[in-house]
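One letter stands for each residue in the lines below.
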Amino acid sequence: MKIVHAASEMFPLVKTGGLADAVGALSKALAGFGHEVAVFLPGYRAVLKHPMFAKAARRLMIQVELGDEFLQADVYTLSLGKKLTLYVIRRDEFYDRSHPYGGEGRDYDDNDCRFIYFCKAVVEVLRIVDFKADVVHCHDWQTGLLPVLLRMEERKLQDTLALKTVLTIHNIAFQGVFPNKSFSLTNLPEDLMGIDGIEFYGQINMLKGGIVFADNVTTVSPNYSKEIQSSKFGCGLEGVVRTRADDLVGFINGVDTEVWNPKTDPLLPANYSVVSLKGKSACRRNLLGKNGFSADYEGPIYGMVCRLAEQKGIDLLLSVREFFIKEDCRLIILGSGDGKYEEALRKLAEAHPNKIALSTALDEEASHLIEAGSDFFLMPSIFEPCGLNQMYSQLYGTIPLVSKVGGLVDTVVDIEKEATKGTGLMFAPKTRDFRKALQESLQLFQDKAKMNQVIKRGMKQDFSWEKAARAYENLYQDMI
Ligand code: ADP
Ligand code: GLC
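Source: prediction; values computed, not measured.

### Considering the overall build of the chain
When helices and strands are counted, the chain shows 18 helices and 20 strands. Against the compact-globule benchmark of 23 Å for 480 residues, the chain has a radius of gyration of 23 Å, which places it among compact chains. Principal axes of the C-alpha set define a box for the chain whose edges measure 70 × 45 × 40 Å. Partitioning the contacts of the chain with sequence separation of at least 6, the portion at a separation of at least 24 is 70%. Here the chain has roughly 19,600 Å² of accessible surface; of this, 49% comes from carbon and sulfur atoms.

### A word on the domain arrangement of the chain
Split into domains, the chain comes out as domain 1 (2–254 + 465–479) and domain 2 (278–459). Summarising the inter-unit geometry, the C-alpha centres of domain 1 and domain 2 are found 32 Å apart. Contact with domain 1, which involves 19 residues of that partner, is made by 16 residues of domain 2. Together domain 1 and domain 2 conceal approximately 1,300 Å² of surface at their shared face, both sides included; 62% is due to carbon and sulfur atoms. The tally of links between domain 1 and domain 2 comes to one salt bridge. In this structure, K15 engages E364 in a salt bridge whose closest nitrogen and oxygen atoms are separated by 3.6 Å.

### Details of the packing of aromatic side chains
Counted under the stated rule, the structure contains 18 aromatic pairs. Seen in terms of ring centroids, F200 and Y201 are 4.9 Å apart; in terms of plane orientation they differ by 75 degrees. Their pairing is edge-to-face. The class of Y201 is exposed, set by a relative accessible area of 72%. For the ring pair Y302 and F323, a centre distance of 5.8 Å and an interplane angle of 90 degrees mean the geometry is edge-to-face. Taken together, the residues span a long stretch of sequence, with Y302 in strand β15 (residues 301–305) and F323 in helix α11 (residues 321–326) at a distance of 21 residues. In this structure Y302 comes out as buried when scored by relative accessible area, which is 0%. Using a relative accessible area of 5% as the deciding quantity, one classes F323 as buried. Members of the aromatic cluster, joined through ring pairs, are Y302, F323, F324, F376 and F445. Over the ring of F131 we find K2, and its NZ or CZ is 5.1 Å from the ring centre.

### Side note on the pairing of strand β8 (residues 133–139)
Counting buried residues along β8, seven of its seven residues qualify, which places the element largely inside the surrounding structure. As judged from the four bridges shared by strand β1 (residues 2–6) and β8, these two strands associate in the parallel manner. Note that in β8 the partner of V4 across the bridge is V136. With six bridges connecting them, β8 and strand β9 (residues 162–169) associate as parallel partners. The residue of β9 that forms the bridge with V136 is T165.

### Notes on the packing of helix α9 (residues 278–290) against helix α13 (residues 364–373)
Think of two packed helices as two axes; the pair is described by the angle between the axes and how far apart they sit. At a closest axis distance of 8 Å, the pairing of α9 and α13 adopts a crossing angle of 125 degrees. Classed by the angle they form, the pair α9 and α13 counts as oblique. Seen along the crossing, α9 lies across α13 with a hand that is left-handed. Two secondary-structure elements touch here, α9 through K280, C283, R284, N286, L287 and K290 and α13 through E365, L369, I370, E371, A372 and G373.

### Section: the environment of V217
Looking at the secondary structure, you find V217 in strand β13 (residues 216–219). Among the residues examined, V217 registers a relative accessible area of 2% and is labelled buried. Separated by 32 residues in sequence, V217 and V249 place their C-alpha atoms 6.8 Å apart. Not counting residues within four places of it along the chain, the set of residues in contact with V217 comprises L167, I169, I211, R244, D247, L248 and V249.

### Observations regarding the side chain of S8
Within the element layout of this structure, S8 appears in the loop between β1 and α1 (18–32). In this structure S8 comes out as buried when scored by relative accessible area, which is 0%. At 2.8 Å, the side chain of S8 forms a polar contact with the side chain of Y101. Each residue touching S8, except ones within four places of it in the same chain, is listed here: V14, L19, L41, P42, Y44, Y101, F115 and Q142.

### A look at the site of ligand 2
Around ligand 2 lies a shell formed by G18, L19, H170, N171, V220, N253, R307, Q311, E384, P385, C386 and G387. E384 is positioned with one of its side-chain polar atoms (N or O) 2.5 Å from an oxygen atom of ligand 2. Within the backbone of P385, a nitrogen or oxygen atom sits 3.5 Å from an oxygen atom of ligand 2. Summarising the interface, the protein chains cover 93% of the accessible area of ligand 2, which totals 310 Å² for the free molecule. Partitioned by chemical class, the residues of the shell around ligand 2 number four nonpolar, six polar and two charged.

### Focus: the nonpolar core
Most often, soluble globular proteins keep nonpolar side chains buried together rather than apart. Of all hydrophobic cores here, the largest spans 100 residues; its most connected members are F40, I89, Y117, V136 and W465. Discounting residues that sit within four places of it in the chain, I89 has contacts with F40, L41, P42, G43, A73, D74, V75, Y95, Y117, F118, A121 and V125. V259, F293, Y341 and F376 belong to the second largest nonpolar core, which has 71 residues in total.

### A few points about the sheet that holds strand β10 (residues 177–178)
The strand order across the open sheet formed by three strands is β10-β12-β11, and the pairing between neighbours is antiparallel. Only two strands of the sheet have a single partner each, and these edge strands are β10 and β11 (199–200). Relative to strand β12 (residues 203–205), β11 runs antiparallel, the two sharing two bridges. Along β12, the bridge assignment pairs F200 with Q203.

### Observations regarding helix α6 (residues 206–213)
Where burial is concerned, most of α6 is hidden: six out of the eight residues are buried. For α6, every residue scored as buried is listed here: M206, L207, K208, G209, G210 and I211.

Calculation rules
Residues numbered from 1 in each chain as written. Chains lettered and ligands numbered in written order. Predicted model: local features only at pLDDT ≥ 70, side-chain atom pairs only at ≥ 80, totals over all residues. Heavy atoms only, no water. Helix = DSSP H or I, 4+ residues; strand = E, 2+ residues; numbered from the N terminus. Rg over C-alpha atoms; globule rule 2.2 N^0.38 Å. Contact = heavy atoms within 4.5 Å. Areas by Shrake-Rupley, 256 points an atom, 1.4 Å probe, with all protein chains shown as cover. Domains from an automatic or database assignment. Buried area = accessible area lost by both parts, 1.4 Å probe. Salt bridge = Lys/Arg side-chain N within 4 Å of Asp/Glu carboxyl O. Phe/Tyr/Trp six-rings, centres within 6.5 Å; stacked < 30°, edge-to-face > 60°. Buried < 20%, exposed > 50% of the residue type's maximum accessible area, 1.4 Å probe, protein only. Lys NZ or Arg CZ within 6 Å of the ring centre and 35° of its normal. Pairing = 2+ DSSP bridges. Axes fitted to C-alpha atoms, helices over the stretch in contact; angles between N-to-C directions. Parallel < 35°, antiparallel > 145°, perpendicular 65-115°, else oblique. Left-handed = near helix turned anticlockwise from the far one by under 90°. Polar contact = N/O pair within 3.5 Å; in protein donor to acceptor, adjacent residues only side chain to side chain. Near = heavy atom within 4 Å. Nonpolar A, V, L, I, M, F, W, Y, C, P; charged D, E, K, R; others polar. Core = buried A, V, L, I, M, F, W, Y, C linked by side-chain atoms within 4.5 Å.

Below, the structure written as structure tokens:
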């Protein structure tokens, strides 16, 4: 098959979260199965500066209609492997900025232009290079308008650019909602600015566009595909999602084991596997030392790596702060994002420098070390479409403590419920339940034999992309 992915992030070129990991690994896996895969990315500064981009070649110049203007873009291509080509849409006015989406706590004012333009540029490239895609697969709101823009262009051309389109919802909380005047940037027919189109309470909603017009919709876990049909998790789009219930499935993301494997991970000071955990102790010592603690400390280490956003349950973490202050343990947090959470966590770490460490950097190496060197990994998310760190944790022999939401439910087995199968501790996202799970983790830490069994069970889990990518492959095949 000829498969196009259009996304706003892709590991290793540009990453702010799990979307990048998912797009990077899925496209690689599909190309590995022998499909011809093209991935489209905006030419952000991070991409242009990435060492891999030095080998990219300027391939085309395109003119993209945006409202009443035609704006030029350069299209670069780069081979990322056999049958895997990256297309970068370069227009520096839109993308050559310090962050993909915004700065100083707010989104860029022109994100409507930036991502409508990106979708239109993808359509234009597909037209010019005559790619004849079997499937165009979009991810999240930034590419939500691609299915409808593609069909409108085909109508104009009287030709087919893609047989089928898929939208994957990685996070329904981000929808790309803009004032109704942004609609004119799309050059779509006026009737699409209605309830059956991309209109949403008088504004435009780019994710809604994808949900309505993609041939199939997927989410990143089966549980989340059910959750987003309810008002609790649908963020206002639950009614629209329900209209597509028959074409909606959830596939768990995989883990890219070329990147996340304790046996081979080059970012770790020592490697290890389920056969011998010796290297994990070296990682532990290194982690403690790097965070200003004595490397000889022998009590439980709790790690956390995430965007500092409400979704990740930072309020819940702060509500159980007493646990980390009173109990004999260490807490090591790597995360950046919302200023109010950075501030609150910084205060907490500064008040307890012997027990709590915080880094607000975006630091890939540190994230691997936390996964490897900790005993427990915390994910008290309020909602979690899939979540990747709970899977990384299991493979790295670090027991996840997760809330019972979204993909966490599909990927962690509760020790308290399934004594012989359990891989982590689960709790309802409430202060009392989180505190209880933390107490249980202390007991588990005392019971070395049981703890070792849980660790080893986690390390033996199969979270490979092979499974997930085959599910997408089957879906594409069924569709076309
Ligand atoms: P989300 O996409 O909602 O942020 P996921 O669990 O799917 O959540 O993926 C988050 C990814 O981002 C993981 O690979 C995690 O290690 C990484 N990550 C989050 N914050 C940081 C950070 N400050 N430094 C390095 N990696 C980070
Ligand atoms: C989103 C979700 C996260 C998921 C990731 C990759 O950012 O918040 O749960 O793992 O996308 O699909």
